[in-house]
Amino acid sequence: MNDSSGMKIRNGGPDDIPDILALLDGAVTWLAGQGRTGQWGDQPFSTVPARVEHIEKYGRDPFLIRLAVDDEGRTVGSCVLAEEPGPYIPAVDERELYVRNLVTDRTRKGAGIGAALIADALGEARRRGIGLLRVDCYAGADRKLVGQYRALGFTESVSFEVEQPNGAWPGQVLEIRL
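Residues numbered from 1 in each chain as written. Predicted model: local features only at pLDDT ≥ 70, side-chain atom pairs only at ≥ 80, totals over all residues. Heavy atoms only, no water.

Caption draft 1: Expanded view of the sheet that holds strand β3 (residues 75–82). In spatial order, the strands read β1-β2-β3-β4-β5-β7-β6; together these seven strands make up an open sheet with mixed pairing. Looking along the sheet, the strands with just one partner apiece sit at the ends: β1 (8–11) and β6 (155–164). Averaged over all pairs of adjacent strands, the angle between strand axes in this sheet comes to 25°, irrespective of strand direction. Bridge count for strand β2 (residues 64–69) against β3 is six bridges, and the pairing is antiparallel. Counterpart to Leu-64 in the pairing with β3 is Leu-81. Packed onto the sheet, helix α1 (residues 17–33) meets β2, β3 and β4 (97–104) and runs at close to 105° relative to β3. (Pairing = 2+ DSSP bridges. Helix = DSSP H or I, 4+ residues; strand = E, 2+ residues; numbered from the N terminus. Axes fitted to C-alpha atoms, helices over the stretch in contact; angles between N-to-C directions. Contact = heavy atoms within 4.5 Å.)

Following this line, the structure appears as structure tokens:
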């Protein structure tokens, strides 16, 4: 997939994990700079071994990594897809494609990178004959991230909480029916 800005969407793999971690580190820095540490805290992903291992798992099957790269070949976004949600998400009684991780370069906020990756995920769901695309996100503070997914065409379905050492992490599942 290409768009007018020269951005391309391509498959990723184990060699792209450092780029994904760099995007996540940038997102943590951006969020923390706004005082928004409820989602991912204030420590870079790349400095937390459990988080690094979690992201490294995406480089192995059954995950599909899709990367947005700019016209100079730099990774500016990542979307990880699977046909099953994470362990803390209520299952559904139908086949689905699940966005397990979506992150974009925060220095390019508003450039349409996330929208392009979601459009690509919808295309992948169609290619697989799947009629449901779901995602979960942080639903705390002002629910700003939930609003961003709603703006991309998702509707809210179920809320959930994940117990963390510093309290419950509020989450929201959203979906698009194809």
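Caption draft 2: Inspection of the pairing of β2 at higher detail. Burial of β2 is extensive: six of the six residues sit out of reach of the surface. Where burial is concerned, the two faces of β2 agree: the one with Leu-64, Arg-66 and Ala-68 and the one with Ile-65, Leu-67 and Val-69 are both buried. As defined by bridge partners, β1 adjoins β2 across four bridges and the pair is classed as antiparallel. Note on β2: the bridge partner recorded for Ile-9 is Ala-68. Counting the residues between successive antiparallel strands, the hairpin from β2 to β3 contains five residues, one of them, Gly-73, with a positive phi of roughly 85°. (Buried < 20%, exposed > 50% of the residue type's maximum accessible area, 1.4 Å probe, protein only.)

Caption draft 3: Geometry of the packing of aromatic side chains. Tallied over the entire structure, the rule returns six aromatic pairs. Note on Tyr-58 and Phe-63: the rings are 5.1 Å apart at their centroids and 80° apart in plane angle, and the pair reads as edge-to-face. Each member of the pair, Tyr-58 together with Phe-63, is buried. Joined through ring pairs, the aromatic side chains of Tyr-88, Tyr-138, Phe-160 and Trp-169 make up one cluster. Positioned over the ring face of Phe-45 is Arg-51, at 4.2 Å from the centre of the ring. A cation over an aromatic ring shows up here: Arg-106 above the ring of Trp-30, its NZ or CZ 4.3 Å from the ring centre. (Phe/Tyr/Trp six-rings, centres within 6.5 Å; stacked < 30°, edge-to-face > 60°. Lys NZ or Arg CZ within 6 Å of the ring centre and 35° of its normal.)

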